[in-house]
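Each chain, letter by letter, is given below.
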Amino acid sequence: MSQDSDVHSSSSHPFANQPAIDLCDFSFHNKFISELPADPIQNNKPRQVSQACFSHVEPTPVPEPRLLAWSESLAHQLGILRPLVVHHPTLDVLCGNLVMPGMRPYAARYGGHQFGHWAGQLGDGRAITLTEIMDRFSQRQELQLKGAGPTPYSRTADGRAVLRSSVREFMCSEAMHYLDIPTTRALSLVDTGAMVVRDMFYDGNPIPEPGAVVCRVAPSFIRFGNFQILAANGEHDLLKRLADYVIINYFPECMDQGLPSYEQWFHEVCRRTAVLVKEWMRVGFVHGVMNTDNMSILGLTIDYGPYGWLESYEPQWTPNTTDSAGRRYCYGSQPQIAHWNLLQLANTLYPLFVNKTPLENGLALFVKTYEQEWSKTLADKLGFLEITADDESLLIDLFKLLEAEETDFTIFFRKLATLPVDHQSLLNDDRELLKFVQSAFYIDAALTGKHADRVVLWLRRYIARIGKEKRSTIERVAIMNRANPKYVFRNYLAQLAIDALALGDDSVLLDTMHVLQRPYDEQPEFERYAERRPEWARHRAGCSALSCSS
Ligand code: AMP
Ligand code: MG
């Protein structure tokens, strides 16, 4: 496997060359639970919890754990040795069968707005944080098992996760990392050897499916919802304690003369969220369930469920069948939804403020940051130094064109950098010009007739605009290729990996992850991973639409 940028950059770090060790030999930290109050009850019975940030829980053992996937680059960052034998204590820890002395597992208490409505207490119903460890950059990292059994927050569900959704989380969070988009990560994927019953299509036909546990890793999994549940229950002292904890540990830049500045912190959360959502829009990622319990306070992509990647450019597209009627969380709505979620967070944090002006300013900062960042990103995607007022009609026409006929968002933008802007002879011929972007069209008819004429016309305007740029072609193309990934985690690629794993073949997962480690590089030998979604995948479950069943 090739090395990723983490691995390279870590070599300059003083601890980078320390040998990796077994997970069991780490020093374990439990800062979150030692500084914040616990639920006094210690069992997994579903209940409403109050005056606490978490509940102590133990993972529920599984019968036959088998390591299916491992992130070498994350393991390297953490300094953890891969378990190489079938029975290994690291594997036992990663599936929930072994809690090492010093680890103090817990489930976090949080609430949230689901699909626009306050849902009350939610909490880690199937995620259990084992402990925190220090990575090689001296950054604290939480190790969290998803699918490790019931907790007091499981409500009526089983605390487990199916293999298909676990594969999707493992692969996508790693793919996002390689795209350089803030995200939680995944160290391991373990088949539990136990079946989990799910009604995948919500049609009254539940079937047993293989279960799995993913070990997720992030500096913190704290969500907007962790604060919301406290404010909703009037636990304002605790709200302040949690805010202070988060600022002191994760936002040191928001300390003002030794005290947490809630204003600076809220503004930073707004800024990070704006940058995050802009990044999703850049690569065509649709989260699918942007409930406030799925919004990371650190500005990370969190909770990979029925997410998807834009194939043809359709702002209304959502991968989540549960959302197909309202399309609340469709691609084009993500910035507004992030703003709405921040508004809920502002309401939650209001007890920490003397007046609402700093909160309103934070929300305004979100809008401003998003607009500026998106404009800059669009400029990079198109190869312009900046977007100017004169570009307005070119941009409007571009997005109209992309929407008019099924056009692959990723391929179209990537191909723009290949246009022979310096070769007039090629530019004179309509057919030749069209060839540069033709692989982006799902329908052949789009390549003939009026639509083709419109595309050619737009390409000529675009090339003329590029002609006014002061940058060299080499420099411009490098910037465009860095803004327009060639390889994204297309929806059907996930399904192919899942199908193969179900037959005991992990090669598809490994090969796909290998390609996705260098999403901006040409990698001509892996061209097929960059192609349009094949027709067979158009309507296949898991490839174009997903339910929340996981
Ligand atoms: P999600 O839609 O995945 O963000 O989950 C919303 C809430 O449902 C969270 O509190 C989850 O912990 C909980 N949840 C989802 N699936 C399960 C499950 N299989 N068992 C227990 N809780 C679950
Ligand atoms: Mg969630």
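Counting from 1, residues in each chain are numbered in the order their sequence is written. For naming, the first written chain is A and the first written ligand is 1, with later ones following in the order written. For this predicted model, a pLDDT threshold of at least 70 governs which residues receive local features, and a threshold of 80 or more governs which side-chain atom pairs are given and counted, while totals over whole chains, interfaces and linings are taken from all residues. For side-chain calculations, the full set of non-hydrogen atoms in the structure is used, while hydrogens and water are omitted.

### Here's the deal with the side chain of Thr 348
Part 1 of the reasoning: Elements are defined by DSSP. Helices are runs of H or I of four residues or more, strands are runs of E of two residues or more, and each kind is numbered from the N terminus. Mapped onto the fold, Thr 348 is located in helix H9 (residues 334-349).
Part 2 of the reasoning: We call two residues contacting when some pair of their heavy atoms lies within 4.5 Å. Residues in contact with Thr 348, not counting those within four places in the same chain, are Phe 227, Gln 228, Ala 231 and Leu 239.

### Some remarks on the environment of Ala 20
Part 1 of the reasoning: With respect to the helices and strands, the residue Ala 20 is situated in the loop between helix H1 (5-10) and helix H2 (31-35).
Part 2 of the reasoning: For the pair formed by Ala 20 and Gln 264, sequence separation is 244 residues and the distance between their alpha carbons is 38 Å.
Part 3 of the reasoning: If we ignore the near neighbours within four places in the chain, the residues touching Ala 20 are Gly 79, Ile 80, Leu 81 and Arg 136.

### Some thoughts on the packing of aromatic side chains
Part 1 of the reasoning: Two rings belonging to Phe, Tyr or Trp (six-membered ring only in the last case) form a pair when the distance between their centres is within 6.5 Å. Interplanar angles under 30 degrees mark stacking, angles over 60 mark edge-to-face geometry, and anything in between is tilted. Enumeration according to the criterion identifies 27 aromatic pairs in this entry.
Part 2 of the reasoning: When the centroid spacing of 5.1 Å and the interplanar angle of 20° are considered together, the rings of Phe 32 and Tyr 106 count as stacked. Separated by 74 residues along the polypeptide, Phe 32 in helix H2 and Tyr 106 in strand S3 (residues 106-108) bring together distant segments of the chain. Take Phe 32 and Tyr 106: they sit in the same class, and that class is buried.
Part 3 of the reasoning: Centre to centre, the rings of Phe 384 and Tyr 462 are 5.9 Å apart; their planes meet at 35°, and the pair counts as tilted. Taken as a pair, Phe 384 in the loop between helix H10 (357-382) and helix H11 (392-404) and Tyr 462 in helix H15 (residues 449-467) lie far apart in primary sequence, 78 residues in all.
Part 4 of the reasoning: Through pairs of rings, three or more aromatic residues link up here, namely Tyr 313, Tyr 331, Phe 384, Phe 399, Phe 409, Phe 412, Phe 413, Trp 458 and Tyr 462.
Part 5 of the reasoning: We call a charge positioned above a ring when the Lys NZ or Arg CZ atom is no farther than 6 Å from the ring centre and deviates by at most 35 degrees from the ring normal. Positioned above the aromatic ring of Phe 384 is the side chain of Arg 465, whose terminal nitrogen or guanidinium carbon lies 3.9 Å from the ring centre.
Part 6 of the reasoning: The positively charged end of Arg 482 is found above the aromatic ring belonging to Tyr 520, 4.3 Å away from the centroid. Note on classification: 1.4 Å probe, protein chains only; a residue is buried when its accessible area is under 20% of the maximum for its type, exposed when over 50%, partly exposed between these limits.

### Some words on the domain arrangement of the chain
Part 1 of the reasoning: All domain edges in this entry derive from an automatic or database-based domain assignment. Assigned domains within the chain: domain 1 (5-226), domain 2 (232-381) and domain 3 (389-468).
Part 2 of the reasoning: Relative to domain 3, the C-alpha centre of domain 1 lies at a distance of 45 Å.

### Brief notes about the coordination of the magnesium ion (ligand 2)
Part 1 of the reasoning: Only nitrogen, oxygen and sulfur atoms qualify as donors, and only when within 2.8 Å of the metal (3.2 Å in the case of Na, K and Ca); with water excluded, sites may look incomplete. Looking at the magnesium ion (ligand 2), one finds its protein donor set to be Asn 294 (OD1) and Asp 303 (OD), positioned 2.0 to 2.2 Å from the metal centre.
Part 2 of the reasoning: According to the relative accessible area criterion, Asp 303 is buried, its value standing at 14%.

### Topic: the site of ligand 1
Part 1 of the reasoning: Residues are counted as near a molecule or strand when any one of their heavy atoms sits within 4 Å of it. Within the structure, ligand 1 sits among 17 residues, and Gly 123, Gly 125, Arg 155, Gly 159 and Asn 294 are positioned closest to it.
Part 2 of the reasoning: Contacts to ligand 1 include Arg 126, whose side-chain N or O atom sits 3.2 Å from a nitrogen atom.
Part 3 of the reasoning: Taking Arg 160, its main chain carries an N or O atom lying 3.1 Å from a nitrogen atom of ligand 1.
Part 4 of the reasoning: Compared with its free state, where it exposes 480 Å², ligand 1 has 81% of that area covered by protein.
Part 5 of the reasoning: Taken together, the residues that form the shell around ligand 1 break down as three nonpolar, six polar and eight charged.
Part 6 of the reasoning: No fewer than three residues from each of domain 1 (5-226) and domain 2 (232-381) sit in the shell around ligand 1. Each polar contact in these results corresponds to two N or O atoms within 3.5 Å; when the atoms are within protein, one needs to be able to donate a hydrogen and the other to accept it, and residues that are neighboring in sequence are counted only if both atoms are side-chain atoms. In these tables, accessible area is a Shrake-Rupley quantity obtained with a 1.4 Å probe, and a residue counts as shielded only by the protein chains included in the view. Just so you know the grouping, Ala, Val, Leu, Ile, Met, Phe, Trp, Tyr, Cys and Pro go in nonpolar, Asp, Glu, Lys and Arg go in charged, and all remaining residues, Gly too, go in polar.

### Things to note about the packing of helix H17 (residues 491-502) against helix H18 (residues 507-516)
Part 1 of the reasoning: Here H17 crosses H18 at 150°, and the two axes come no closer than 7 Å. By the angle between their axes, H17 is roughly antiparallel relative to H18. On H18, the residues touching Leu 493, Leu 496, Ala 497, Ala 500 and Leu 501 of H17 are Val 508, Leu 509 and Thr 512.
Part 2 of the reasoning: Its residues assigned to classes, the contact of H17 with H18 comprises seven nonpolar, one polar and no charged. Lines fitted to C-alpha atoms define the axes here, with helix axes fitted over just the stretch in contact, and angles between the N-to-C directions of these axes take values from 0 to 180 degrees. By the definition adopted for this analysis, an angle is roughly parallel if under 35 degrees, roughly antiparallel if over 145, roughly perpendicular if from 65 to 115, and oblique otherwise.

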